[in-house]
Amino acid sequence: MYRSLDPNQIVQTCRATNERVSERFAGSGLSKVAAELLSVSEQAAGLSTWFARPHWPLRALAGLGIAAVLIIVGEVALNIKVQPTFGSIAEFLQGLDAAINEVVFIGIAAFFFITLETRLKRRRALKAIHELRSMAHIIDMHQLTKDPERIAGAPAETEMISKRPRNPAELIRYLDYCSDLLALISKIAALYVQNFDDPVTISAVNEVENLTNGLSRKIWQKIMIFDRILAPGIMPATLP
């Protein structure tokens, strides 16, 4: 039960995070990113199930392709006249080279058909992982300008400014939500390879996890700074 990711639980967590962000920072860009991530998580749940299932039409096509190659090779082998004797070393090497070329061709053809399903799934997985990577950078852009100097020098409240954190306490919550969204991106990426053991896709997922971990570390460094700002005797919790 607790040895694999549950797609439904990931979707529920994304939905709960989206509700919290939308309630706290209604109309903000981060709330729109959270809503988009919820949509991505719902698609990821279905895509993960698709990765786990065998694609029978492609497997049938691969089997037919391999069978066709073997039939062609068999027909050629039965109808060709083999001369086991060679007049010279050059003729022997020429014949050996031709035989090697045929074996390589057969191997390439078989490899093409055998990996057809994996390559199709890999293409879809890499496209989905690329979307997650882009979303991680979008979240990083949202937290990039959230620093003490900008908050301390914030202008009077307007409709646009009210959608943004206006004091260190709200900013800590904002940054915390950014970190939560990055963690969810990492979990969605891991969901893609849970039942799809493809080295290329796994490597792409590892890159996304390293990216989100690095961005989260930057965010938590900011949170630690604001924790010091909110410490008693340093700065009031609400700024003008």
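The preceding data block contains the structure.
The structure contained in this document is the topic of the report that follows.

### Brief notes about the pattern of salt bridges
Under the counting rule described, the total for this entry stands at six salt bridges. In this structure, the salt-bridge partner of Asp140 is Lys218, at a minimum N-O distance of 3.5 Å. Here the residue Asp140 occupies a position in helix H5 (residues 116-144), and Lys218 occupies one in helix H8 (residues 199-229), the gap between them amounting to 78 residues. Classification of Asp140 by relative accessible area gives buried; the value is 10%. Using a relative accessible area of 35% as the deciding quantity, one classes Lys218 as partly exposed.

### Points about the packing of aromatic side chains
Each aromatic ring pair is summarised here by two numbers: the centre-to-centre distance and the angle between the ring planes. The full count for this structure, using the stated rule, is five aromatic pairs. Relative to Tyr174, the ring of Phe25 has its centre 5.2 Å away and its plane inclined at 80°; by these criteria the two rings are edge-to-face. Of this pair, Phe25 sits in the loop between helix H1 (7-24) and helix H2 (29-52) while Tyr174 sits in helix H7 (residues 168-192), and the two are 149 residues apart along the sequence. Here the two residues Phe25 and Tyr174 agree in accessibility, since each one is buried. Note on Phe25 and Tyr177: the rings are 6.2 Å apart at their centroids and 85° apart in plane angle, and the pair reads as edge-to-face. Of this pair, Phe25 sits in the loop between H1 and H2 while Tyr177 sits in helix H7, and the two are 152 residues apart along the sequence. Residue class for Phe25 comes out buried when judged on its relative accessible area of 3%. Classification of Tyr177 by relative accessible area gives buried; the value is 6%.

Thresholds applied
- Residues numbered from 1 in each chain as written.
- Predicted model: local features only at pLDDT ≥ 70, side-chain atom pairs only at ≥ 80, totals over all residues.
- Heavy atoms only, no water.
- Salt bridge = Lys/Arg side-chain N within 4 Å of Asp/Glu carboxyl O.
- Helix = DSSP H or I, 4+ residues; strand = E, 2+ residues; numbered from the N terminus.
- Buried < 20%, exposed > 50% of the residue type's maximum accessible area, 1.4 Å probe, protein only.
- Phe/Tyr/Trp six-rings, centres within 6.5 Å; stacked < 30°, edge-to-face > 60°.

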